[in-house]
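Geometric and topological summary
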Amino acid sequence: MRVRGLASPYLAWMSIFIILPLCAVVYYAFTDSVTGEFTLRNIVSIGNYWPILIKSIWLALVSSLICLILGYPVALAIARAKQSRQRFLILLVMLPMSMSFLLRTIAWVSLLEDTGIINNILGKFGISPLPLIRNNGAVVLGMVYNYLPYMILPVYTVLSHIDPSLIEAAKDLGCNRTQVFLKVILPLSVSGIISGVSMVFVPAVSTFYISKKLGGSGTTMIGDVIESQFKTAYNPNLGAAISLVLMVMVFICIGLMERFSGSEEREALM
Amino acid sequence: MSRALKIILIVVLFFLYLPIILLIAGSFNTGTDLAVFKEFTFSNYGALFRDRTLIPLLLNSLIVAVLSSVIATALGTAAALGIRSFGKRFRSAVMTVTNIPMTNPDIVTGVSLSLLFVLGGKLFDRSNVLGFTTLLLAHITFNLPYTILSVMPRVTNMDPSLREAAMDLGCTPVQAFFKVVIHEILPGIVSGLLIAFTMSLDDFVISYFVYGPSFATLPIEIYSYTKKPLPPKIYALFTLLFAMLLAVLIVMNIVSGRADKRPRRSNITQLVFRRKDVEKT
């Protein structure tokens, strides 16, 4: 059939710009930066960066959890709003995402710094400046701020797909509001939670801008390490090796989460 | 909506918009520090219009966004139509690869493309490969999955007999596409185009690894100000872009609200987090 041929330009594109680059990463990760010969040195020297990698994963997990705690009630509130209001509220949640995240993060600096807006206000009440920036908390705040919409949107989609008659049935069968939530709404929204968590976790674990602006010397993230290998230290082979590890890790995490969520619910979502 | 939920919603929306309000206030400020509002002024807007670096960079961003979203939409639409007719196994393999740029952290996508371009440059004996072309190729690459995933559901839901009927009535396949098929999948094409355009316009991480000194975009310039304080005309530009986007969204909301009275979420909303659910289509 001729229709099949329509996909061939894309198949060629995909091979060159998706598959080949990954091969390039593997090639660089296993070769020496000077001689170009096969070596395991890059992979071995990742060992020096284990503490940073673990810390990145930890901060990204904490951010995902906070996003869930904040985002779930917001998604629920939107899903329970009037039909005509829902679209407007969702646009309101999405709008900040499409504005420069660099500038929005810079705005946080002026809120949090020692001479910043929050400390100025506190100062008026005679409270001495709090260390709000250059620490883990500030980095987590930056992540939560930037990626919260990624949590709200998938949870909202799942919640708005729940058949209201299921909730009525649960009520008829004697559930109170807490029971309806715990036994019907929450289990049905697991797939949205999983997809929200992974959508927050992936960009959070690999960020380098947020940690650079809001973090200090002690909050180097794995993304910072990769960035510096390419932009300042110029050791692309080590950078490629760390990228490879990061990529494998992300794919394992996502694979695990998908297994966790089960496929039936995903089908129900479609 | 119970009261507690309403309060959380309002607090979170305030949290999301607080930095934006601050940036807009900064555009009317005589000082350069966002934290201290000195006096009200329009002079930052004047400085913006007289500026000779920001506007060309914004134009660069727009050029890349328009070209990459149009090319990705054309390639992606063709791909979505073709992929439907593949066998189940091959189709799921293709969709798995298509999902890679969406699942991968942006930094890995950027790094991997930059390594490819550097290797390619070595192959053709050119040292300065990074520039407009590599930036465009990278943007098309990360836009493609969004356009494919946006068109795919429309193609799946389309009745195949429509196209067959058009051909029976004497249409060539090309005519059948432009007279029948395109009307069925147009909403998917449009939303794919819009998503690709906004993704491309705002992308920093991938661009940062594949741009060359000869051709930068606005986000890259903003990033390069990391150390020094930002000139407030950037806040003026931000405010103007925000106002434009707001206007577009309001108009779109009114138009699509009139177009269908049936309650339906916008395609864009659905697509943003659709990435993993697509193999099922």
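Calculation notes
- Residues numbered from 1 in each chain as written.
- Chains lettered and ligands numbered in written order.
- Predicted model: local features only at pLDDT ≥ 70, side-chain atom pairs only at ≥ 80, totals over all residues.
- Helix = DSSP H or I, 4+ residues; strand = E, 2+ residues; numbered from the N terminus.
- Contact = placed C-beta atoms within 7 Å.
- Axes fitted to C-alpha atoms, helices over the stretch in contact; angles between N-to-C directions.
- Parallel < 35°, antiparallel > 145°, perpendicular 65-115°, else oblique.
- Left-handed = near helix turned anticlockwise from the far one by under 90°.
- Nonpolar A, V, L, I, M, F, W, Y, C, P; charged D, E, K, R; others polar.
- Expected span 1.5 Å × (residues − 1).
- Bend = angle between axes of the 7 residues up to and from the residue.
- Buried ≥ 20, exposed ≤ 12 C-beta atoms within 10 Å, placed from the backbone.
- pLDDT = per-residue confidence, 0-100.
- Core = buried A, V, L, I, M, F, W, Y, C linked by C-beta atoms within 7 Å.

1. Observations regarding the overall build of chain A
The helix and strand tally for chain A stands at 14 helices and 0 strands. Along the chain direction, N to C, the helices and strands of chain A fall in the order α-α-α-α-α-α-α-α-α-α-α-α-α-α. Here the C-alpha coordinates of chain A stretch approximately 75 × 75 × 30 Å along the principal axes. Across chain A, contacts joining residues at least 24 apart in sequence account for 72% of those joining residues at least 6 apart.

2. So, the packing of helix α5 (residues 101-112) of chain A against helix α7 (residues 136-161) of chain A
Residue and element names in this part refer to chain A. The interhelical angle for the contact between α5 and α7, taken along N-to-C directions, is 140°, at an axis separation of 11 Å. On the basis of the axis angle, α5 is oblique to α7. Our pair here, α5 against α7, has a crossing hand that is right-handed. Contact with α5, carried on its side by Phe 101, Thr 105, Trp 108 and Leu 112, involves Ala 138, Gly 142, Tyr 145 and Asn 146 of α7 and no other residues of that element. Looking at side-chain class alone, the contact of α5 with α7 contains 5 nonpolar, 3 polar and no charged residues.

3. Notes on the environment of Leu9(B)
Here Leu9(B) shows up in helix α1 (residues 3-27). Sequence-distant contacts of Leu9(B), that is, excluding residues within four places in its chain, are made with Val74(A) and Ala77(A).

4. Here's the deal with the interface of chain A and chain B
With 80 residues of chain A at the contact, the number on the chain B side is 69 residues. Ranked by residues supplied to the side of chain A that touches chain B, first place goes to helix α1 (residues 8-29) of chain A with 13 residues. Each residue belonging to the side of chain A that touches chain B can be placed in one class, and the counts come to 58 nonpolar, 14 polar and 8 charged.

5. What to know about helix α6 (residues 132-157) of chain B
All names here are of chain B. Look at α6: 38 Å from first C-alpha to last across 26 residues, which is about the 38 Å you get at 1.5 Å a residue. Along α6, the sharpest kink reaches roughly 35°, centred on Asn 143 and followed within four residues by the proline Pro 145. For α6, the buried fraction is high: 20 of the 26 residues fall into the buried class.

6. Details of the confidence of the model for chain A
Averaged over every residue, the pLDDT of chain A is 89; the share at 70 or more is 96%. In this model, residues 263-270 of chain A is a region of pLDDT below 50 whose contacts with residues beyond four sequence positions or in other chains number 13 contacts.

7. Observations regarding the nonpolar core
In this structure, Val25(A), Ala75(A), Ile152(A), Val200(A), Val111(B) and Val210(B) are the most contacted members of the largest nonpolar core, which totals 132 residues. Element by element, the count of residues in this core is highest for α7(A), at 16 residues. Residues contacting Ile152(A), with those up to four places away along its chain left out, are Gly71(A), Val74(A), Ala75(A) and Val93(A).

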